[in-house]
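Next come the chains, spelled out residue by residue.
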Amino acid sequence: MSIEACAAFFKAKGDQAQAVFAERFAPALRRVDGSALEWAARQDDELYRKYRASGEQVNELWANGVFDEEFKRQVLEYFRALLEVFRRYVAANEKANL
């Protein structure tokens, strides 16, 4: 893949993740205090490490000009992990407020 194709892929997946976030998590997150990522670092270290590792891998692949299927896989993993952080954070806050 070319750098342009990878940039377009990353943007498209980011736009998709943003749409999911806006639809599913943004309304609930307006009702809570704190950062979902800070919560994940404290409460769900495995998920947080997965999110961080995939983001670092995307950055490393990009910096080294590696624009292949591994890049695409890591981009998908990064956005999946990020959305999972938000899903779990919202669920934990809703459970705490019962």
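Quick notes on the rules
- Residues numbered from 1 in each chain as written.
- Predicted model: local features only at pLDDT ≥ 70, side-chain atom pairs only at ≥ 80, totals over all residues.
- Heavy atoms only, no water.
- Phe/Tyr/Trp six-rings, centres within 6.5 Å; stacked < 30°, edge-to-face > 60°.
- Buried < 20%, exposed > 50% of the residue type's maximum accessible area, 1.4 Å probe, protein only.
- Lys NZ or Arg CZ within 6 Å of the ring centre and 35° of its normal.
- Axes fitted to C-alpha atoms, helices over the stretch in contact; angles between N-to-C directions.
- Helix = DSSP H or I, 4+ residues; strand = E, 2+ residues; numbered from the N terminus.
- Parallel < 35°, antiparallel > 145°, perpendicular 65-115°, else oblique.
- Contact = heavy atoms within 4.5 Å.
- Left-handed = near helix turned anticlockwise from the far one by under 90°.
- Nonpolar A, V, L, I, M, F, W, Y, C, P; charged D, E, K, R; others polar.
- Salt bridge = Lys/Arg side-chain N within 4 Å of Asp/Glu carboxyl O.

Evaluation of the coordinates by the stated rule reveals nine aromatic pairs. Judged by centre distance (5.1 Å) and plane angle (70°), the rings of Trp62 and Phe67 are edge-to-face. The class of Trp62 is partly exposed, set by a relative accessible area of 34%. When the ring centre of Phe9 is taken as reference, the NZ or CZ atom of Lys72 above it lies at 5.3 Å.

Turning to the packing of helix H1 (residues 3–29) against helix H4 (residues 69–96), a few remarks are in order. Where H1 contacts H4, the axes come no closer than 10 Å and their chain directions differ by 5°. Viewed along their axes, H1 and H4 adopt a mutual orientation that is roughly parallel. On H4, the residues touching Cys6, Phe9, Phe10, Lys13, Gly14, Ala17, Val20, Phe21, Phe25, Ala28 and Leu29 of H1 are Phe71, Lys72, Val75, Leu76, Phe79, Leu83, Phe86, Arg87, Tyr89, Val90 and Glu94.

Below, the discussion takes up the packing of helix H3 (residues 45–63) against H4. Closest axis-to-axis distance for the H3/H4 pair is 8 Å, and the angle between their directions is 150°. Taken together, the axis directions place H3 and H4 in an arrangement best described as roughly antiparallel. The chirality of how H3 crosses H4 is left-handed. Residues Leu47, Lys50, Tyr51, Ser54, Gly55, Gln57, Val58, Leu61 and Trp62 of H3 form the contact with H4, whose own contacting residues are Glu70, Phe71, Gln74, Val75, Glu77, Tyr78, Ala81, Leu82, Glu84, Val85 and Arg88. Looking at side-chain class alone, the contact of H3 with H4 contains 11 nonpolar, four polar and five charged residues.

Here the focus is the pattern of salt bridges. Overall, the coordinates contain nine salt bridges when judged by the stated rule. The salt bridge involving Asp44 is made with Arg88; its shortest N-O contact spans 2.3 Å. With Asp44 in the loop between helix H2 (36–43) and H3 and Arg88 in helix H4, the pair connects residues that are 44 residues apart, well separated along the chain. Note that Lys50 and Glu77 form a salt bridge whose closest N and O atoms lie 3.1 Å from each other. One end of the pair, Lys50, is in helix H3; the other, Glu77, is in helix H4, and 27 residues separate them in sequence. We classify Lys50 as partly exposed; its relative accessible area is 44%. Given the relative accessible area of 19%, Glu77 is considered buried.

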